[in-house]
Amino acid sequence: MVIMKIQDYDNKMLDLLNDPTYKILRKDPTSTIQKLTNNMAKRLADLKLIDRHTLHKLQTHTSTCPRIYGQPKAHKPNLPLRPVVPNITAPTYQLSKFIANILQTTFTSQHNIKDSFNFVEEITTITIPPEHVLVSFDVVSLFTNIPKELVIRNIIFRWTDIKKGTDINLDVFLEMVELCLNNSYFMFRDKYYQQTFGTVMRIADYVMEDLLDTVITKLNFTIPVLKKYVDDLFLVLPKPLVEHTLNIFNQFNQHLQFTMEIEKSGKLPFLDTLIIRKEDHTLRTVWYSKPISSGRLLNYNSFHPTNMKLNVASNFIKRVMQLTTDTPIEQQKHVIFQNLRRNDYPSALINRLMNRIKTELITGQQHHGHHPLPTSSPPLPAPTPTEPQDQPPPLSIPNIQILTPSIIAILRRDFPLIKIATRTTQNIKTLLKSVKDPVSPLDQHNVIYSIPCIDCDNVYIGMTTNQLKKRLSGHRSNVNKLIETQTNTLNLDVIQANTALVQHMIDTEHTFDLEGTKTVVRTLRPTALPVLEMCHIQNTPHTVNYRTDVDNLNTTYAGILHTVKTTLMCRKQSRHTTRNTITDTIGQT
């Protein structure tokens, strides 16, 4: 974790955004891009290229401008920032995923490696030719430096393969790609920016593959070993031709430039391994962490579920053992103990985990998805042949000592097919201020909201899956209709049928403060909104909502909510009393 002053962070971000890669926009383009995306999706449906389900998935009506933030590169001088734009709220997000899925089904590479384990498996069978050295190349900011023209050219060049994964023709596919590439944008400190270069990971894979194919044909020698992981390359090159090879790579495109690291004393770090050349020119690897690494893992004494801590320790042990080849077990054990003891894991537990994992690796047995040692929660029973194959989505519940294990035991007994995960209620987000620009409450969706009455203590509790500003626009329209109806003495039936808010205004001639609307809670699950709304109506005093609004609320919820409400009131009273005592004490001194 890196902590810096907000002013320093902002200055670094503004320096980064001062690059020609970005240009400032005059206003938020979200609504315009959303309309273009929805029209493209409708066009695909009209051409019978997608079904109604895919159309519904590609269209969006609740998009918000993505918020950029910077991740400090702690291993580099002056802590430069790596720009990250979470596009999940962008209008083109689903369309980009749709394109990426098409490309993924048709993409093959002889150079790609899936992960560190795959890398170790492949290179430990290699013998390095004489007079060759180990080298790694790294692209400088790959995703923000790929020109649009290069992407288009690459798709056209590889269309014979790509079209096997879709019925969409080349012209329409290119329109989709250009729509996504031309509308990559974000917000920082209330200003809107457009990214003029760059692309997503799957398309970047195609560009990198094209780059490698082009460079290889320009070299007058054969590269014995070439492995690629996203934008990191591991190569074995003739020692006199290392600089020449780097120059050829950098000539491919002026925007795609590579940095190089060459082996030192026969050693070269790559991903989370250290590759070591042996005397017989074969390679061995050891698990590696950068010198700046703090060595922190999930601490054994932290407030997390036991099985989560055991999984963290098990995964670390397995990683060290599998990424370390041709090394005595005592050296592996030293590394494992050094790191886990630093995080307060008991020695006896480390030994038990090591012995079990060592046996698993020898016998080839894996415990996929299960914690390695028994915990207080009973294991899931094996499904019987009569049980359906479709698994329900995992259930996530907060981790509360004593209570959570009891709930898990009950749920697993009565609903054996449900997968249960626990989560902590305290994390870094709750302790530190977010560096991203906040989303305006009016732009949020999937929310429970409250509107206060100006003339009394009552409030109206509502929910919306749409953006809050659009829901308030509906309330405002109803209020205006009510005023017009009262003026013209027209029929009130249609308006009365709308909401309890309007009914309260009719019954009491009161007015609601729409400008004072507050977001009560926000959720990522739209299906949770009805229950949340009933809970908040039940637990909020002086609501104007109809009693029928909570008819479907289980009586168990009502009892729990009453207990929570009483507890919160007691805590509030206790804090108030403590605050007054402190104030009186300070006043007396």
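A short tour of the structure in this document, coming up. Just so it is clear, the model here is predicted, and its values are computed rather than measured. (Residues numbered from 1 in each chain as written. Predicted model: local features only at pLDDT ≥ 70, side-chain atom pairs only at ≥ 80, totals over all residues. Heavy atoms only, no water.)

Along the protein chain, the regular secondary structure elements total 21 helices and 17 strands. The buried share of the protein chain, taken over its 589 residues, is 41%. Put simply, of all contacts in the protein chain between residues at least 6 apart along the chain, 69% involve residues at least 24 apart. Counting every atom, the protein chain has about 34,200 Å² of accessible surface; 53% of that belongs to carbon and sulfur. (Helix = DSSP H or I, 4+ residues; strand = E, 2+ residues; numbered from the N terminus. Buried < 20%, exposed > 50% of the residue type's maximum accessible area, 1.4 Å probe, protein only. Contact = heavy atoms within 4.5 Å. Areas by Shrake-Rupley, 256 points an atom, 1.4 Å probe, with all protein chains shown as cover.)

A separate point is the sheet that holds strand β10 (residues 267-270). The three strands lie next to each other as β10-β11-β12, forming an open sheet whose pairing is antiparallel. Looking at strand neighbours, the two that pair on one side only are β10 and β12 (283-287), the edges of this open sheet. The average undirected angle you get between the axes of adjacent strands in this sheet is 25°. Against the sheet, helix α12 (residues 306-323) makes contact with β11 (273-277) and β12, and its axis sits at roughly 165° relative to β12, the strand it touches most. (Pairing = 2+ DSSP bridges. Axes fitted to C-alpha atoms, helices over the stretch in contact; angles between N-to-C directions.)

Here we take up the sheet that holds strand β9 (residues 258-262). Read across the sheet, four strands follow the order β7-β8-β4-β9 without closing on themselves; strand pairing throughout is antiparallel. This sheet does not close on itself; its edge strands, each paired only once, are β7 (225-229) and β9. Neighbour to neighbour, the strand axes of the sheet diverge by 25° on average, direction disregarded. Of the strand pairs in this sheet, strand β4 (residues 132-139) and strand β8 (residues 232-238) are connected by seven bridges, and their pairing is antiparallel. Along β8, the bridge assignment pairs F137 with L233. The strands that helix α11 (residues 242-250) touches are β4, β8 and β9; relative to β9, the one it contacts most, it runs at about 160°.

So, on to the side chain of N183. Mapping N183 onto the fold places it in the loop between α9 (170-182) and β5 (185-188). Overall, N183 belongs to the buried group, its relative accessible area being 15%. Apart from residues lying up to four places away in sequence, N183 is in contact with I33 and T92.

Among the secondary structure elements, P238 is positioned in strand β8. The class of P238 is buried, set by a relative accessible area of 13%. Sequence-distant contacts of P238, defined by excluding residues within four places in its chain, comprise E131, H132 and F221.

Moving on to the pairing of β10. Summarising the sheet, β10 and β11 pair through four bridges and their orientation is antiparallel. Looking at the pairing, L268 lines up with I275 of β11. Linking β10 back to β11 in an antiparallel pair, the connection comprises two residues, with L271 at a positive phi of about 55°.

The backbone of L79 sits at a positive phi, close to 50°, despite the residue not being glycine. By the element assignment, L79 lies in the loop between β2 (69-72) and β3 (81-84). Here the phi dihedral of V230 falls at roughly 60°; this positive angle occurs in a residue that is not glycine.

What follows covers the packing of helix α5 (residues 116-123) against α12. Interhelical geometry of α5 versus α12 gives an angle of 20° and a closest axis separation of 10 Å. Considered as vectors, α5 and α12 are oriented roughly parallel to each other. Viewed along their axes, α5 and α12 form a crossing whose handedness is left-handed. The segment α5 lies against α12, with S116, F117 and V120 engaging R319, Q322 and L323. Grouping the constituent residues of the contact of α5 with α12 by class yields three nonpolar, two polar and one charged. (Parallel < 35°, antiparallel > 145°, perpendicular 65-115°, else oblique. Left-handed = near helix turned anticlockwise from the far one by under 90°. Nonpolar A, V, L, I, M, F, W, Y, C, P; charged D, E, K, R; others polar.)

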